[in-house]
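Listed here are the chains, written in short residue letters.
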Amino acid sequence: MSLPMSRQPRAERWFRGLAAVVALLSAAPAHATELQIEGWYRARGRFFDTLSLNRDLATSEGYASYIQHRLLLRPRMLVSDKVGVYADIRALDNVYWGDEPGALYDFASSSEVPVELADGLGPPTLSEDEVEAASAIELWHAWGEVHSPVGTFRFGRMPLDWGVGIWQNGGLRYDAEYGDTADRLQWRMLFGDVWAGLAFDVNSDVILNTGDGTTSYNGDVGFKNEDTTAGLALQYRRTPERSFNLFTVDGAVETKLGVLSIGAEFVGQFGSGDLANGANDVGISGVGAVLDLELDGDPVIIGLEGGLATGDKEPADARIKTFTFDRDYNVALFLFEQPMPTLSSALPTDADNGRDLEHVLLGNAVSNAIYLKPRVGFKVLDPLVAEAALVWAAAAAPPADDRGGRYGIELNGTVRYTPYDMVRVEGTFGVLLPGKYFSAYSDDDFPDGFGSPAFGGQLQAVLSF
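Residues numbered from 1 in each chain as written. Predicted model: local features only at pLDDT ≥ 70, side-chain atom pairs only at ≥ 80, totals over all residues. Heavy atoms only, no water.

A. Representation of the overall build of the protein chain in the model. Regarding its fold elements, the protein chain presents two helices and 23 strands. The 465 residues of the protein chain split such that 41% are buried. Long-range contacts, defined as pairs at least 24 residues apart, comprise 58% of the intrachain contacts of the protein chain with a sequence gap of at least 6. Total accessible area computed for the protein chain in this model is approximately 24,300 Å², and 59% of it derives from carbon and sulfur atoms. (Helix = DSSP H or I, 4+ residues; strand = E, 2+ residues; numbered from the N terminus. Buried < 20%, exposed > 50% of the residue type's maximum accessible area, 1.4 Å probe, protein only. Contact = heavy atoms within 4.5 Å. Areas by Shrake-Rupley, 256 points an atom, 1.4 Å probe, with all protein chains shown as cover.)

B. Molecular detail of the packing of aromatic side chains. Counted according to the given criterion, the structure contains 17 aromatic pairs. Judged by centre distance (6.1 Å) and plane angle (85°), the rings of F336 and Y407 are edge-to-face. In this pair, F336 sits in the loop between strand 16 (319-320) and strand 17 (343-344) while Y407 sits in strand 21 (residues 406-420), placing the two residues 71 residues apart along the sequence. Residues F336 and Y407 agree in their burial class; the two are buried. Each ring, one from F446 and one from F450, has its centre 5.2 Å from the other, and the planes form 50°; the classification is tilted. Residue F446 shares its accessibility class with F450, and that shared class is buried. (Phe/Tyr/Trp six-rings, centres within 6.5 Å; stacked < 30°, edge-to-face > 60°.)

C. Layout of the pattern of salt bridges. Throughout the structure, instances matching the rule amount to 22 salt bridges. Measuring nitrogen to oxygen at the nearest pair gives 2.9 Å for the salt bridge that ties R90 to E138. With R90 in strand 3 (residues 83-91) and E138 in strand 6 (residues 137-148), the pair connects residues that are 48 residues apart, well separated along the chain. Because the salt bridges share partners, they merge into one network encompassing R70, R90, D93 and E138. (Salt bridge = Lys/Arg side-chain N within 4 Å of Asp/Glu carboxyl O.)

D. Summary view of the pairing of strand 13 (residues 260-273). Sheet analysis places strand 12 (residues 244-257) next to strand 13, joined by 13 bridges and oriented antiparallel. Residue pairing for strand 13: N245 is matched across the bridge by S272. Between strand 12 and strand 13, which pair antiparallel one after the other, the connecting turn spans two residues, and G258 there sits at a positive phi close to 65°. Two strands pair when backbone bridges link them, and strand 13 and strand 14 (residues 282-297) are joined in this way by 14 bridges, in the antiparallel orientation. Looking across to strand 14, one finds that F270 is bridged to S285. (Pairing = 2+ DSSP bridges.)

E. Region of the structure containing the side chain of R44. Considering the arrangement of structural elements, one finds R44 in strand 1 (residues 34-49). Within the local environment of R44, its side chain forms a polar contact with the side chain of N94, the two groups lying 3.5 Å apart. A polar atom in the side chain of R44 sits 3.4 Å from the side chain of E177. If we skip the residues at most four places from it in the chain, R44 touches Y66, I67, Q68, N94, D175, E177, Q458, L459 and Q460. (Polar contact = N/O pair within 3.5 Å; in protein donor to acceptor, adjacent residues only side chain to side chain.)

F. Main features of the environment of E226. One can find E226 in the loop between strand 10 (214-224) and strand 11 (228-239). C-alpha separation for the pair E226 and T255, spaced 29 residues apart in sequence, amounts to 9.0 Å.

G. Spatial organisation of the pairing of strand 1. Direction of pairing for strand 1 relative to strand 2 (residues 64-78): antiparallel, over a ladder of 15 bridges. Its bridge partner lying in strand 2, F47 is registered against S65. In the sheet, strand 1 pairs with strand 23 (residues 454-464) via ten bridges, with the strands oriented antiparallel. Its bridge partner being in strand 23, F47 is matched across the sheet by G457.

H. The arrangement of the side chain of E410 in detail. Topologically, E410 is positioned in strand 21. No salt bridge is formed by the buried E410, whose closest oppositely charged neighbour, K373, lies at an N-O distance of 8.1 Å. Within polar-contact distance, the side chain of E410 engages the backbone nitrogen of F334 at 2.9 Å. Sequence-distant contacts of E410, that is, excluding residues within four places in its chain, are made with A332, L333, F334, L335, A389, L390, V391, V431 and L432. (Lys, Arg positive; Asp, Glu negative; His and termini not counted.)

I. Layout of unusual backbone geometry. Following D49, the chain continues to T50 via a peptide bond in cis, the omega torsion being 0°. If you trace the backbone, T50 turns up in the loop between strand 1 and strand 2. The amide bond that connects M340 to the next residue, P341, takes the cis arrangement and shows omega of -5°. Its place among the elements puts P341 in the loop between strand 16 and strand 17. A positive phi angle, close to 55°, is found at N94, a residue other than glycine. For N94, the location among the structural elements is in the loop between strand 3 and strand 4 (105-106).

J. Just the environment of L381, in detail. As for its position among the elements, L381 is in strand 19 (residues 369-381). By relative accessible area, which is 56% here, L381 ends up exposed. The spatial distance from the C-alpha of L381 to the C-alpha of P299 is 8.9 Å, given a sequence separation of 82 residues.

K. Spatial organisation of the confidence of the model for the protein chain. In this model, the protein chain carries an average pLDDT of 89, and 88% of its residues clear a pLDDT of 70 or more. Contacts for the low-pLDDT stretch residues 1-15, under 50 throughout, to residues beyond four places or in other chains number 23 contacts. Low pLDDT, under 50, characterises residues 127-134; the stretch is placed with 15 contacts to residues that sit more than four places away or in other chains. (pLDDT = per-residue confidence, 0-100.)

L. Structural view of the environment of V115. Positionally, V115 belongs in the loop between strand 5 (111-112) and strand 6. Between the alpha carbons of V115 and P101 there is a distance of 7.0 Å; along the sequence they are 14 residues apart.

See the structure below:
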């Protein structure tokens, strides 16, 4: 039985994507290859009331809720104990439940079947007319590794990850949404517990010897044993056609001293040149840092996290002093995770799912910020942990007006249940009390600011394999 004509293009795209993945996983080389697959599936539901931070506005979003998929497959094709090919495959990546309801065509009535009377969901698309489609199955990374007597060589498109993830974050965790990637040639050598590495990255649109695009040159050294990983990474990034140069230095450590765990990272970026957005002769000098302490006094767990991302008191000049954490570094349910205020759009079918994001004052990354996050947890039962956290946050460089720079206070309560190593269920409820940065904001369109408290929650279920 053939599919209705209106479903054929969508179905063909789905099967083409599926066939490519099957071919990748099942292709038989001339010699024996061991195939190992790791990964996880996550379903994440969220609800908020209200991210607009003002319930009296005609454009207030009010209550909003959604559920998202995310499947990550990490196949490893081991040709031998020295040679392997690795890949990361994303499927239905952060796609909303109920996205793309299937359109069935009724030839008898010469009309589409109402969505209320049909079943079927297709892969997500990038446009309403479906001229360009986003594959429901996406080959994200693919790279090769060779372990030789003079070190390990990696080459291909691979995730970038360093330290606790405030600079380079591969986005491979179940709560991530983005992920840093580069086309990279890398060498790394171990000398006992010490390593040294070099890497060359192609970051954008490079045809070698033409001078266009952006490339990066990397070096790192570090120490690793059972309890401690510490390292220093250096990067020089250049875009010749715009005379842009950027230097990054990042020191990171993760260690466990008995019942005390410490994670820390400090990064500085300095550079100059022209940017692709049209800004010319800019100077860049930004610093970011995070320190996370956790004391496991079984059954009580006490933690304290603090972070800094420099800001810019004069954002209109050519000196860029703001540092932005990687967007996959998560702090809380609201702060630095949800763009606020989010208003309701007059066009419910726009690209932002009916949301107006043009008036956002605080985005979805730690940027121009100082924050503290004390937390306390209690092991109720062996697989069940309850945790309470408070987040205080303010601008590192407050705005010049009278509202000050206090973003607000957020209270979070979390219950985490892990009955098996491969099963994780986590629920979080949060309350945001906006500070004067929001409540004292005023302009012609919003004279009363955004001072309403916001309530929200999140439930995640993760199955790992």
